[in-house]
Amino acid sequence: MAKYVYDFAEGNKDLKDLLGGKGANLAEMTNLGLPVPAGFTITTEACQRFLAEGSHVDGLDDEIDRHLAALESAMGRRLGDAADPLLVSVRSGAKFSMPGMMETVLNVGLNDESVAGLSRQAGGNDRFAWDSYRRLIQMFGKTVCDVPGEEFEDALHKAKQAKGVRDDVQLDSDDLKSLVAAYKKVFSKHVGHEFPQDPRQQLDQAVEAVFRSWNADRAVLYRRQERIPADLGTAVNVVAMVFGNLGPDSGTGVAFTRDPATGESGIYGDYLQNAQGEDVVAGIRNTLPLADLEKIDKKSYDELLQIMATLEGHYHDLCDIEFTIERGKLWMLQTRVGKRTAAAAFTIAAQLVEEGMIDLDEAVTRVSGAQLAQLMFPRFDLSGDPTALTRGVGASPGAAYGEVVFTSAQAVALAGEGRSVILVRRETNPDDLPGMIAAQGILTARGGKTSHAAVVARGMGKTCVCGADQVEVGRDQFTVHGQVVHEGDVISIDGTTGRVYLGEVPVRPSEVVQYFEGDLDPALANEPLVAAVHQLMTHADERARLRVRTNADTGPDAARARRFGAQGIGLCRTEHMFLGDRRELVERLILAHNKTERDDALAALQPLQRADFLEIFREMNGLPVTVRLIDPPLHEFLPSLEELAVQVAVAKERGSSGEEAERDERMLAAVRRMHESNPMLGLRGVRLGLVIPGLFGMQVRAIAEAAVALAAEGGRPKPEIMVPLVGAVQELETVRHEAERIIAEVVGDSGVEVLIGTMIEVPRAALTAGQIAEAAEFFSFGTNDLTQMAWGFSRDDVEGAFFWRYLELGIFGISPFESIDRDGVGRLVRIAGEEGRATRPGLKLGVCGEHGGDPESVHFFHEVGLDYVSCSPFRVPIARLEAGRAAVESAGSDHR
Ligand code: PEP
Ligand code: MG
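Residues numbered from 1 in each chain as written. Chains lettered and ligands numbered in written order. Predicted model: local features only at pLDDT ≥ 70, side-chain atom pairs only at ≥ 80, totals over all residues. Heavy atoms only, no water.

The name an unreviewed UniProt entry assigns to the protein chain is Pyruvate, phosphate dikinase, from the organism Paractinoplanes pyxinae. In its Sequence similarities (unreviewed entry) section, the UniProt record describing the protein chain reads: "Belongs to the PEP-utilizing enzyme family." (UniProt positions renumbered as here; feature names shortened; annotations may be inferred.)

This is the structure:
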């Protein structure tokens, strides 16, 4: 039978899954011989059972009986004994810290009789005993029986009013006795029975209330935000009460073994004399700096410092501590490896290395890509309390403000005058690209993290908030719940939190980005944070097995990514190269009546493409560059059907004729012809290349010529041609056949080598990877489309539409577009990798979907043996760090 209860002496710090963080560390401290009040922990498994069955857990009562008896004998007191009561606290404690999200009940065991016993224990301190009792009724009422907290607050307020005092401490024991009577009335009015006098009943109900608090709204919300799985449950710690509020020789405090902001060793913390922990949290009185304890109680102070040194030496990390002094006796109530800011995580890790406490391998596991990301984005300074407007999906992190504009052209025009603008669109499309480039940030009302706006913005490192569905976008204004924001009004958008503010919120730049960019102010070079980032990144690179490439399709992006440490380009999307002033050529191509017209358009595009590729190859000289042949449906390059139809109808109405009107009509016919109900599943990718003769060939020629040109300059091009949306080997073979012919013709004896490979982004491709590998020298997993097609989720629509419900129901803990779905999409990746390599040993495997820059997913790609991940330039350092961590962690688990 399962064991549901552990005495502190039975546990240890590695049992967090079962005992929660608090229980595991209390056990560890007990076993280190530190002064921990006696107690026991009820496991997370008991909580899981309780929540699943909705009631009583078989066998739990008996176990609690046994452990309670042991606790009573250790303390020499019985729970709620009238003459000499043992009181206990009942505290939550999950595997991951969820500060203040769940419940605690203190002073369990007090009743109408034991209150007198408590007074005697406290040396005849009646006031203290009745104050403890009223706190129990209040906490128990609120937590266990859902009595509205304000009712107790009101009663307390009335008691103070009646006495004519302001502070709780001015109420004497008689006042508190009356308050207890008032609280009991509040309790019975709401609950329908008297406050329970049976201590054991109090304990059982408190335990169940803590279990239930795992599913309280705020706890659910916190878990979702922190990505803590919903099914872990909380442990419950039942601990003998010690009191910090027994007089001036008592008190309570918190301590850190080093400065949580900088990592410096020293004495950090707060102390509050004659108080309980709750008073510190509630901020009722001002605390003293911990160092002042030396003057108040030197013996306890010295003992505390010694314990802090013991804990740091034991955990090899910053620990935070809660302690209480009861009449000159120090008790440890909690310790844990302390939370810290992202900056402190880096500096502390480096500091611990310098002090010889940990090695560099351990240090890289102490920091995360998510923390590095936080350090890389400029942040808003919110000290001015800006006006919040709305909230969307934080799609591309950063902080930006500017005047609201509603069209790409406006964005370009205003930015050209040196003004800062935020482009607000219902959703974006490739036409908006110039405006997106010109704007400081992008706000859309529709679309999720893989919508066009999000992907493009991330690629550019531009701040973007998507799917702000309360925003109604009009022609020259938008509204949020009736509040109107006009064109030209200033808003600020936070791409990390998704928050949108009215007006300009000041922004602070990131020195970590300046460091990666190589333009760090020399005065900052020795800043501990920058030095720590440098040291840990260097080590992560040394340990990483996965290489990190970037998704980049312009020279400047490629150059920046290289500065950020990219080891090549894993995805150069070629579609943007067909926009702007080349649009006219693309229209000619699409509208071509015959082969000659089509060939002319392609011939005009080809040198332009060659120049594009040459620029990128130059920036990535010596490193591989994967160029993907054109992917999106061609009608994306044509005007919108609605707008064109109106334009043509109006022209007809006015009787306009001539070349332009004729051209518009032809265009309209073409747009109608190409219109698709499901364009994502339509004529795109390799299908396009097979349907429009010469299109892929033109691109292949341009790539090969650019490579030859760079080689002629003395460079070392390493081009890789990638075919999108392949589902069958025959598709790839057809493209390959033509491509090889062109490459052979162009490359001649220049020594240039061009690889040909494919994206694996259609589930059928993953399932027939063994065949496809016959025709591919590399695979790159397009996990955006693979996720879309494996789940049948439209990547542009579902995140904003209903993912909230899926997250709420726990169908998944995080959007599968954000972090790889290991069981489904991940399985396709694994199968394709294995079967591809079975056909072609040494087949190069990479990933270029958005998941390539997601920390969790990077670990998965390491595990399944990919050669590289590719991600947007700004996520390159994050992926580098995670690749290093993945290697260190898997080496560690191999040793175990
Ligand atoms: C993908 O599908 O994962 C991919 C990289 O291609 P795109 O996002 O351009 O469709
Ligand atoms: Mg794709």
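J.: Explain the pairing of strand β11 (residues 319–326) to me, and be specific about the residues and the numbers.
T.: Within β11, 6 of the 8 residues are buried, which leaves the element mostly enclosed by the surrounding structure. Bridge analysis of β11 against strand β12 (residues 329–337) gives 8 bridges, and the strand direction is antiparallel. Residue pairing for β12: Glu 326 is matched across the bridge by Lys 329. In this antiparallel pair of consecutive strands, β11 and β12, the connection spans 2 residues, and Arg 327 shows a positive phi of 45°. (Buried < 20%, exposed > 50% of the residue type's maximum accessible area, 1.4 Å probe, protein only. Helix = DSSP H or I, 4+ residues; strand = E, 2+ residues; numbered from the N terminus. Pairing = 2+ DSSP bridges.)

J.: Outline helix α2 (residues 44–53), listing residues and values.
T.: If you check which residues of α2 are buried, you get Thr 44, Ala 46, Cys 47 and Phe 50. Seen end-on, α2 carries its buried residues on one side only, within an arc spanning 155°. Buried-residue contacts for α2 involve α1 (16–31), β2 (39–42), α3 (60–75), α8 (199–213) and β7 (234–240). At the exit of α2 stands Gly 54, carrying a positive phi of roughly 75°. (Arc of directions from axis to C-beta. Contact = heavy atoms within 4.5 Å.)

J.: Can you explain the side chain of Ser 368? Please cite residues and give values.
T.: Among the structural elements, Ser 368 can be located in the loop between α14 (360–365) and α15 (369–376). Not counting the four nearest positions on each side in its chain, Ser 368 is found in contact with Phe 346, Leu 881, Glu 882 and Arg 885.

J.: Would you mind going over unusual backbone geometry in detail, with residue names and values included?
T.: For Asn 274, which is not glycine, the phi dihedral falls at a positive 50°. A residue is classified by how much of its surface remains accessible, and Asn 274, at 31% relative accessible area, is partly exposed. Phi is positive for Leu 725, which is not a glycine, with a value near 60°. Among the secondary structure elements, Leu 725 is positioned in the loop between β29 (718–723) and α28 (729–747). Under the relative-accessibility criterion, Leu 725 is labelled buried at 1%.

J.: I'd love a proper account of the site of ligand 1, names of residues and values included.
T.: Inspection of the region around ligand 1 gives 14 residues, with Arg 573, Arg 628, Gly 782, Asn 784 and Arg 795 positioned closest. Here an oxygen atom of ligand 1 and a backbone polar atom of Thr 783 are 3.0 Å apart. Within the contact set of ligand 1, an oxygen atom lies 2.7 Å away from a backbone nitrogen or oxygen of Asn 784. In the complex, 96% of the free accessible area of ligand 1, which totals 290 Å², lies under the protein chains. Only β27 (569–573) and α31 (783–791) provide two or more residues apiece to the shell around ligand 1. (Near = heavy atom within 4 Å. Polar contact = N/O pair within 3.5 Å; in protein donor to acceptor, adjacent residues only side chain to side chain. Areas by Shrake-Rupley, 256 points an atom, 1.4 Å probe, with all protein chains shown as cover.)

J.: Can you explain the coordination of the magnesium ion (ligand 2)? Please cite residues and give values.
T.: For the magnesium ion (ligand 2), the full set of protein donor atoms is Glu 761 (OE) and Asp 785 (OD), and the range of their distances to it is 2.1 Å. Linking Glu 761 in the loop between β30 (755–760) and α29 (763–767) with Asp 785 in helix α31, this pair joins segments that are 24 residues apart in sequence. (Donors = N, O, S within 2.8 Å, 3.2 Å for Na, K, Ca; no water.)

J.: Please set out the sheet that holds strand β22 (residues 483–486) residue by residue, giving values where relevant.
T.: Adjacent strands of a sheet pair through backbone hydrogen bonds, lying either parallel or antiparallel. With respect to topology, 3 strands assemble into an open sheet ordered β20-β21-β22, the strand pairing being antiparallel. Each of the sheet's edge strands pairs with one partner strand only, and the pair in question is β20 (471–473) and β22. Geometrically, the sheet is characterised by an average inter-axis angle of 25° between neighbouring strands, direction not taken into account. In terms of strand pairing, strand β21 (residues 477–480) meets β22 through 4 bridges, oriented antiparallel. When the sheet's bridge partners are listed, Thr 479 is paired in β22 with Val 484. (Axes fitted to C-alpha atoms, helices over the stretch in contact; angles between N-to-C directions.)

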